[in-house]
Amino acid sequence: MDGHDGPASRAEGVVPRWAAHLAGQGNVEVGQALPPHSPDCAGCGPDNPAGLHIRAVRTASGVEAVHSFVAAQVGAPGIAHGGAVALAFDDLFGFSLYTVGSLAVTRSLAIEYHAPFRLHRPYTFRAHVAKREGRRLLLHADAWDDAGQKVGSAEATFVTVGPGHFTAGTQKNGRSQDQ
Ligand SMILES: CCCCCCCCCCCC(=O)SCCNC(=O)CCNC(=O)[C@H](O)C(C)(C)COP(=O)(O)OP(=O)(O)OC[C@H]1O[C@@H](n2cnc3c(N)ncnc32)[C@H](O)[C@@H]1OP(=O)(O)O
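Residues numbered from 1 in each chain as written. Predicted model: local features only at pLDDT ≥ 70, side-chain atom pairs only at ≥ 80, totals over all residues.

So, the site of the ligand
Around the ligand, a shell composed of 22 residues is seen, among which W18, G94, V105, S108 and V159 lie nearest. Counting only elements with at least two residues in the shell around the ligand, the list comes to α1 (7-23), α2 (82-96), β3 (104-113) and β6 (150-160). Here the shell around the ligand gets four residues from one element, more than from any other, and that element is β3. (Near = placed C-beta within 6 Å. Helix = DSSP H or I, 4+ residues; strand = E, 2+ residues; numbered from the N terminus.)

Some words on the environment of N48
Along the polypeptide, N48 turns up in the loop between α1 and β1 (56-58). As for N48 and S38, which are separated by 10 residues in sequence, their C-alpha atoms are 9.6 Å apart. Leave out the neighbours within four places in its chain, and N48 touches D40, C41 and A42. (Contact = placed C-beta atoms within 7 Å.)

Quick look at the sheet that holds β3
One open sheet holds the six strands; their spatial order is β1-β2-β4-β5-β6-β3, and the pairing between them is antiparallel. Because the sheet does not close on itself, it has two edges, and the strands there are β1 and β3. Strand-to-strand twist of the sheet, defined as the mean angle between neighbouring strand axes without regard to direction, takes the value 20°. Bridge analysis of strand β4 (residues 122-133) against strand β5 (residues 136-144) gives nine bridges, and the strand direction is antiparallel. Along β5, the bridge assignment pairs K131 with L138. Taken strand by strand, α2 contacts β1, β2 (63-68), β3, β4, β5 and β6, and its axis lies near 135° from that of β3. (Pairing = 2+ DSSP bridges. Axes fitted to C-alpha atoms, helices over the stretch in contact; angles between N-to-C directions.)

A short note on the confidence of the model for the protein
When pLDDT is averaged along the protein, the result is 87; 83% of the residues meet or exceed 70. Below a pLDDT of 50 lies the segment residues 1-5, which in the model reaches six contacts outside its immediate sequence neighbourhood of four places, other chains included. Both confidence scores are given for the complex: pTM 0.88, ipTM 0.90. (pLDDT = per-residue confidence, 0-100.)

Some remarks on the nonpolar core
Counting 34 residues, the largest nonpolar core has L92 and F125 as its most contacted members. At the level of secondary structure, the elements contributing two or more residues to this core comprise β2, α2, β4, β5 and β6. For this core, the element with the highest residue contribution is α2, accounting for seven residues. Those residues in contact with F125 that sit more than four places away from it in its chain are E64, A65, H67, A88, F89, L92, A141 and A143. (Core = buried A, V, L, I, M, F, W, Y, C linked by C-beta atoms within 7 Å. Buried ≥ 20, exposed ≤ 12 C-beta atoms within 10 Å, placed from the backbone.)

Brief notes about α2
Along its 15 residues, α2 runs 21 Å from first to last C-alpha, staying within 8% of the 21 Å computed at 1.5 Å per residue. For α2, a buried count of 11 out of 15 residues is recorded, marking the element as mostly surrounded by other parts of the structure. Along α2, the residues classified as buried are V85, L87, A88, F89, D90, D91, L92, F93, G94, F95 and S96. (Expected span 1.5 Å × (residues − 1).)

Points about the UniProt feature "domain: Thioesterase" (unreviewed entry) in the protein
Under the local residue numbering, the UniProt record ascribes the feature "domain: Thioesterase" (unreviewed entry) to residues 78-150. Split by type, residues 78-150 is 21% helix and 44% strand. Its first and last C-alpha atoms lie 18 Å apart. (UniProt positions renumbered as here; feature names shortened; annotations may be inferred.)

Some remarks on the pairing of β2
Relative to β2, β1 runs antiparallel, the two sharing three bridges. Looking across to β2, one finds that R58 is bridged to V63. Connecting the antiparallel pair β1 and β2 is a turn made up of four residues. When β2 meets β4, the two strands line up antiparallel, connected through six bridges. Bridge pairing in β4 links E64 to R126.

Right under this line is the structure:
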């Protein structure tokens, strides 16, 4: 299954690049676009035909993305599926790692859906790391529609991991040096 171009092989190339990007996070300027987590990432990968294709930029306090959901993400007619909205929040949280310079993954994610996310409307998502407690990163995000109404919020706990987490499957052997 995992041949030369299989998932494990691709991860081996992507993870060091990401780790290097994160290590240089102090060099990411406000307004600068951030590279995707992987070319095939369901949230931000440009090569994933079923992905959201989120494009995130660094802000003064965190990260931001303006995103419109399309028909492929519909749940109830005309409204984005809640899972697709959760994906958008989770992916943006992944970009927030640029502000702390650590590899980490989602341990828990909670979404508040204040109003429907309608298809083909631009929503502004903003996320930041609210607190760091050892390996735990506590993150918060909000999303607004183009009229300025807050339509959603999210809280997540990410836990820092080492690069091996992404190449060694689900084993708990990828811890980073600072754990
Ligand atoms: C390729 C490019 C890269 C890109 C990198 C970025 C990619 C982002 C992509 C978007 C986000 C994703 O999709 S991420 C993919 C979805 N998530 C995952 O697959 C994660 C699956 N889960 C795991 O692998 C594991 O559970 C870990 C690594 C998260 C944690 O396991 P562990 O290493 O054994 O750690 P564990 O001891 O359980 O917990 C560590 C600490 O966190 C605390 N903790 C645990 N759960 C919680 C919780 N719900 N709320 C508060 N705190 C918690 C524990 O008490 C402990 O505190 P203390 O005792 O230390 O004080």
